[in-house]
Amino acid sequence: MWPGDSVLGRNVGKLPTGPTPGMASEGGAVLSVDQVSKSYGTTRALSDVRFSVGPGEIVGLLGPNGAGKSTAMKLIVGLLRPDAGEIRLRGRNVVTDGVEAKRTVGYVPESPALYEFLTAAEYLDFISDLYGVDPATRGSRISEFLRGLELSGHEDSLISAYSQGMKQKVALIAALLHHPRLLVLDEPLNALDPRAARVVKDLLRDLASRDGVGVLFSTHVLEIAEAICDRVVILSHGRIVAQGTIAELRRQAGLAGSGLEAIFLALTGTGDLTDVVGALRR
Amino acid sequence: MNLHRVRRLAWVLVASQIRASGRGAHPKKATNQPAVYGWAALVLAGVAFAVAAVSVRGTGGSGSVLPSVVKAALPFLPLVGVGTVLVAGLMFELTTTAKFASSDAANWLPLRPQEYVLASAIAVAYTYSAPLALVLGAIAGVAVDVGLGGAAAVAAALSVLGLLQGALWVEMVRAVGQRAGGGSARRGRISVLLRALAFVVLVVVLELAFNPVVLLDSLSALQAFGHLTELLPPFWGSYAVLVLLQGNAVAAGLFAAGTIGFSLLLLYSANLLRQHFWSVAAPEYHFGPYRYGDPHPALRALGLSIPERALVAKDLHGFGRRREMMPMLLLPVVLLIVIFLEGSIGGGGIEGVGLMIYAGWAATFAGLLIATTSLGQERRSLWHLYAAPISAREIFRAKIVAALIPAGSVSAAVALFVGFLFRAGALDALGLGLAAAAASFAVSAWGLGFAARYSDYQERPRPQPMRPGAMLVAVVVGSAVALSILVPATLGLVDGGAVAAIGLVAAIAFTVAFGATGWLWARAGFVRLMREIPF
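Throughout, a residue's number is its position along its own chain's written sequence, starting from 1. All chains are assigned letters beginning at A, and all ligands numbers beginning at 1, according to the order in which they are written. Note on the predicted model: pLDDT of at least 70 is required for a residue's local features to be given, and 80 or more for side-chain atom pairs to be given and counted; whole-chain, interface and lining totals, by contrast, use all residues. Side-chain numbers come from the whole structure's heavy atoms, not from hydrogens or water.

K.L.:
Please provide a residue-by-residue account of the packing of helix H11 (residues 236-245) of chain B against helix H12 (residues 249-277) of chain B, values included.
P.N.:
All names here are of chain B. Only the contacting stretch of a helix is used when fitting its axis, a line to C-alpha atoms as for every element, and angles between N-to-C directions run 0 to 180 degrees. Each helix is a run of H or I in the DSSP string that is no shorter than four residues. Each strand is a run of E no shorter than two, and both are numbered from the N terminus. Taken N-terminus to C-terminus, the directions of H11 and H12 make an angle of 165 degrees; their axes are 8 Å apart at the nearest point. Here H11 lies roughly antiparallel to H12, going by the angle between them. Handedness of the crossing formed by H11 with H12: left-handed. Residues Trp236, Gly237, Tyr239, Ala240, Val243 and Leu244 of H11 touch H12, and the partners they reach there are Ala249, Ala251, Ala252, Phe255, Ala256, Gly258 and Thr259. Only Asp, Glu, Lys and Arg are considered charged in this grouping, and only Ala, Val, Leu, Ile, Met, Phe, Trp, Tyr, Cys and Pro are considered nonpolar; every other residue, Gly among them, is considered polar. Residues that form the contact of H11 with H12 fall into these classes: ten nonpolar, three polar and no charged. Angular relationships are summarised with four words: roughly parallel below 35 degrees, roughly antiparallel beyond 145, roughly perpendicular across 65 to 115, and oblique for the angles in between. Note on convention: near helix rotated counterclockwise from far helix by under a right angle means a left-handed crossing. Clockwise means right-handed. Note on contacts: a residue pair is in contact if any heavy atoms of the two residues lie within 4.5 Å.

K.L.:
Give me the lowdown on the interface of chain A and chain B, citing residues and values where you can.
P.N.:
Across the contact, 41 residues belong to chain A and 40 residues belong to chain B. By buried area we mean how much accessible surface two parts lose on assembly, using a 1.4 Å probe and totalling the loss over both. Between chain A and chain B, the buried area comes to about 3700 Å², and carbon and sulfur atoms account for 62% of it. Considering only the side of chain A, the residues that lose the most area to chain B are Tyr115, Phe117 and Leu130 of chain A, jointly responsible for 18% of the buried surface there. Any carboxyl oxygen of Asp or Glu within 4 Å of a side-chain nitrogen of Lys or Arg constitutes a salt bridge here. If you look at where chain A meets chain B, you find one salt bridge. For the salt bridge of Lys38 of chain A with Glu532 of chain B, the shortest nitrogen-to-oxygen distance reads 2.6 Å. Polar contact is the term for a pair of N or O atoms within 3.5 Å; when the atoms are in protein, one must be able to donate a hydrogen and the other to accept it, and sequence-neighboring residues count only if both atoms are side-chain atoms. Here chain A is connected to chain B by 14 residue pairs in polar contact (both at pLDDT 80 or more).

K.L.:
Any chance you could break down the environment of Leu486 of chain B for me, citing the residues and the numbers?
P.N.:
Residue and element names in this part refer to chain B. Tracing the sequence through the fold places Leu486 in helix H20 (residues 468-495). The class of Leu486 is buried, set by a relative accessible area of 0%. Spatially, the C-alpha atoms of Leu486 and Trp361 are 7.5 Å apart, while their sequence positions differ by 125 residues. With residues up to four places along the chain from it excluded, the contact list for Leu486 reads Ile357, Gly360, Trp361, Thr364, Ala435, Ala436 and Ala439. Only protein chains enter the area calculation, which uses a 1.4 Å probe; residues under 20% of their type maximum are buried, those over 50% are exposed, and those in between are partly exposed.

K.L.:
I'd like to hear about the side chain of Arg138 of chain A, residue by residue, with values.
P.N.:
Inspection of the secondary structure assignment puts Arg138 of chain A in helix H4 (residues 135-148). On the accessibility criterion, Arg138 of chain A (2% relative accessible area) is buried. A polar contact is formed between the side chain of Arg138 of chain A and the side chain of Asp129 of chain A, at a distance of 2.8 Å. Not counting residues up to four positions away in its chain, the partners in contact with Arg138 of chain A are Asp125, Ser128, Asp129 and Val133 of chain A together with Tyr292 and Gly293 of chain B.

K.L.:
Outline the packing of H20 of chain B against helix H21 (residues 497-529) of chain B, supporting the account with residue identities and numerical values.
P.N.:
Residues and elements named next belong to chain B. Where H20 contacts H21, the two axes come as close as 7 Å, and the packing angle between them is 160 degrees. When the axis of H20 is compared with that of H21, the two are roughly antiparallel. In the packing of H20 onto H21, the handedness of the crossing is left-handed. Mapping the contact onto sequence places Val481, Ser484, Ile485, Pro488, Ala489, Leu491, Gly492 and Asp495 in H20 and Gly497, Val499, Ala500, Gly503, Ala506, Ala507, Phe510, Thr511 and Phe514 in H21. Considered class by class, the residues forming the contact of H20 with H21 number eleven nonpolar, five polar and one charged.

K.L.:
Break down the sheet that holds strand E3 (residues 58-62) of chain A for me, with residues and values.
P.N.:
Residues and elements named next belong to chain A. Pairing within the open sheet is mixed, and its six strands lie in the order E6-E7-E8-E3-E9-E10. What marks the edges here is a single partner per strand, and that holds for strand E6 (105-108) and strand E10 (239-244). Going across the sheet, the axis of each strand differs from the next one's by a mean of 15 degrees, ignoring polarity. In this analysis, strands are considered paired if DSSP registers two or more bridges between them. With five bridges joining them, strand E7 (residues 182-186) and strand E8 (residues 214-218) adopt parallel strand pairing. In the strand pairing of E8, Leu183 is matched with Val215.

K.L.:
Describe the nonpolar core, naming the residues involved and giving the relevant values.
P.N.:
Proteins that are soluble and globular tend to have nonpolar side chains buried together. Think of a nonpolar core as a cluster: buried Ala, Val, Leu, Ile, Met, Phe, Trp, Tyr and Cys residues, connected wherever their side-chain atoms sit within 4.5 Å. Leu31, Ile76 and Tyr123 of chain A are the most contacted members of the largest nonpolar core, which totals 161 residues. If we ignore the near neighbours within four places in the chain, the residues touching Ile76 of chain A are Leu31, Val33, Phe51, Ile87, Leu89, Val94, Leu182, Val184 and Leu216 of chain A. Residues Leu74, Leu118, Ile139 and Phe235 of chain B belong to the second largest nonpolar core, which totals 56 residues.

K.L.:
Could you give an account of empty space enclosed by the protein, with specific residues and numbers?
P.N.:
Picture a little ball the size of a water molecule; that probe, rolled over the atoms, points out where space is still empty. Think of a 1 Å grid over just the protein atoms. A cavity is a set of points where a 1.4 Å probe fits yet cannot get out, a pocket is an open set with protein on both sides within 12 Å along at least five of seven lines, and lining residues have an atom within 4 Å of a point. Grid points are joined across faces, edges and corners, and a volume is the space filled by probe spheres set on the points. Summed over all chains, the structure comprises four cavities of 30 Å³ or more. In this structure, the largest cavity spans a volume of roughly 100 Å³. What lines the largest cavity is Tyr107, Tyr123, Ile127, Tyr131, Ala171, Ala174, Ala175 and His178 of chain A together with Trp383, His384, Ala387 and Ala388 of chain B. Mapped by element, the contributors of at least two residues to the lining of the largest cavity are helix H3 (120-131) and helix H5 (164-176) of chain A together with helix H17 (383-387) of chain B. Looking at the lining of the largest cavity residue by residue, the classes come out as ten nonpolar, two polar and no charged.

K.L.:
Describe the packing of aromatic side chains, and please don't skip the residues or the numbers.
P.N.:
Residue and element names in this part refer to chain B. Any two rings among Phe, Tyr and Trp, with Trp reduced to its six-membered ring, count as a pair given centres within 6.5 Å; such a pair is stacked if its planes are under 30 degrees apart, edge-to-face if over 60, and tilted if neither. The full count for this structure, using the stated rule, is 15 aromatic pairs over all chains. Between the aromatic rings of Phe510 and Phe514, the centroid separation amounts to 5.8 Å while the plane-to-plane angle is 20 degrees, which identifies the pairing as stacked. Of the two residues, Phe510 and Phe514 are both situated in helix H21; the distance of four residues between them amounts to about one turn of the helix.

Right, here's the structure in full:
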């Protein structure tokens with residue numbers, strides 16, 4: 001039984017969140033990534049990456065295509081094993097204590113491949129079984145999520161008939177069902193309609209501020225990162241080139257008064273786009 | 001119609017199957033080129049031609065009965081072309097995943113429907129050309145030696161047209177099958193059941209229609225109707241060769257022209273059907289209201305944890321609902337029905353001990369197919385098994401149970417089948433059922449071992465849950481394991497007395513030995529696989 005399902009802010013409506021028992025006594029980082037490296041054959045995907053996510057903190061993982069964001073997220077949730085370094089989720093090592101560590105994480109991959117031969121209801125019930133969500137209360141919890149993300153009435157249709165946005169919503173619900181302490185979201189707002197995107201952003205803020213859930217998410221929409229992230233980690237060619245609050249990054253890049261886009265382009269070495277734009281216009 | 005566009009699209013459609021997405025795909029590799037099918041067909045035809053030609057000369061050459069054998073075989077070739085593509089097309093093309101069907105290039109590129117239909121038919125015909133090439137090469141090797149090279153060339157040309165005709169039939173079924181469910185959503189369970197039934201009927205009918213034994217009987221029967229069969233367009237290709245061999249070149253020309261005309265008519269019909277029925281959206285199946293939080297009590301009796309039960313139930317759902325998984329479950333049933341019908345229609349079926357062993361093998365084949373495909377069928381959804389808080393042991397237990405439940409059901413069905421249809425004794429049927437269940441257990445363990453090592457998780461238009469070479473080895477190993485258990489068990493059942501005791505002991509010993517080694521091998525594979533997602 002999960003106590004205290006709470007009504008959230010204006011856009012979140014009745015989406016269920018609520019504190020998890022034991023959260024109040026939590027002190028350290030919900031995620032710590034320490035000197036992690038990963039290669040695919042001879043290609044170095046990540047090199048000595050080090051960052052953390054604290055309780056209630058929203059951290060944006062940014063970087064150009066192929067920078068290593070998705071690899072980092074796959075390592076964090078246990079899909080891949082680091083070649084070197086260590087990843088801990090609430091103190092538990094993802095490699096040596098994987099099953100227990102994974103109980104605390106909710107994950108949405110970049111292009112979530114769901115079991116499309118199941119209905120959304122069956123899929124969410126299946127996920128609840130895997131994560132040990134209380135059978136007595138899961139029905140109402142799932143129904144609230146479905147209503148909040150406007151999927152009610154579609155839950156008994158096969159996922160194969162869903163639009164990309166509907167599949168993304170189902171993946172988001174699946175990541176939230178078991179009251180995770182850390183959310184790892186790889187471009188979670190992809191394909192969402194404006195209302196759903198707003199609901200998700202508000203929900204992330206609410207989960208972080210009220211329930212102390214740590215959030216690590218990647219996006220290419222820098223305005224979103226600027227709007228909701230407490231801190232930002234910028235990856236380029238598998239290395240962290242900068243991390244900190246927007247103000248700290250601004251100082252680091254020597255771009256006082258600039259937005260995140262200018263900082264990002266300056267730090268990732270993709271700043272001078274004049275030639276590219278000129279070539280495309282020809 | 002722009003034939004250049006048709007050719008380019010056909011190339012892309014063949015390449016899309018050969019080159020899956022993912023790290024393993026190297027587009028420049030020779031085996032990743034669409035030309036590989038053509039080269040394979042040419043090599044097969046050349047080797048068959050050479051072997052046949054050398055064999056004929058070695059055995060005395062054209063003075064024997066060979067000319068009459070060639071004269072009898074050549075008219076069949078156009079029908080073999082149609083049959084090859086029809087059977088392969090139904091088994092593999094029509095089980096293409098809805099995802100690929102609804103994202104076909106034709107849905108968004110500026111292509112005319114007839115261009116897509118022709119390109120797709122050419123791609124299908126080309127893909128399955130190798131078996132025909134083998135038969136053509138062998139018959140041509142003899143035909144040239146006995147002075148029937150010209151007729152062989154005509155038969156070869158008409159056979160290629162037969163391949164295209166078969167592919168156009170497949171296109172028609174594909175277009176109708178992908179139609180939207182109209183205004184109302186389809187009723188889930190009924191649709192799934194009807195689809196399975198339609199699949200069995202289609203495969204059985206076509207397997208029988210183009211089965212050499214049945215075909216010979218049917219053609220003999222048809223010849224009794226004299227000129228009536230000459231009015232049936234599907235046979236015109238065969239008649240063209242037949243009358244050419246009788247020396248009537250004009251009639252042969254007319255029949256050949258008729259075959260070309262019939263092929264164009266098929267193209268026109270396939271195009272019309274596609275325009276009329278094709279829907280870009282995947283058909284929507286609607287199921288009844290769902291009851292949450294009922295963690296599969298029927299599976300609790302097996303001692304499985306809740307996550308394990310969830311995984312088993314998920315896989316079992318998949319067998320019925322995924323059209324790419326349907327052949328895995330239904331193939332053994334089809335094998336049994338075909339052997340029964342062949343025996344009834346052609347009179348040449350196998351009997352006694354042979355039949356019992358065949359039936360047992362068909363039953364274990366279900367377990368083998370399900371186990372070998374149990375991981376590959378997860379495809380990109382495999383990430384769930386790595387991200388969820390479940391251990392490799394739980395996944396392994398769930399997968400083996402998910403294979404054994406349908407395999408056990410098929411074993412029971414086989415026992416009933418043998419018992420009732422072939423009037424075996426109740427004890428024999430029960431014994432065979434038990435032997436098949438034991439063999440299924442051992443075979444499934446080996447199948448899972450292969451699955452853990454050689455599964456293919458790439459998204460492809462046509463499902464390929466395991467690498468083809470590995471699948472071939474798995475079928476050979478699985479069949480050997482199954483037969484090592486089934487043969488002594490069946491001999492014991494039939495002979496009784498001392499043989500029964502020896503057979504029983506041998507069957508049990510082999511079950512334990514192969515089951516245990518297979519289990520350990522599979523477990524080791526799972527532990528290694530679950531370290532890191534393989535894509």
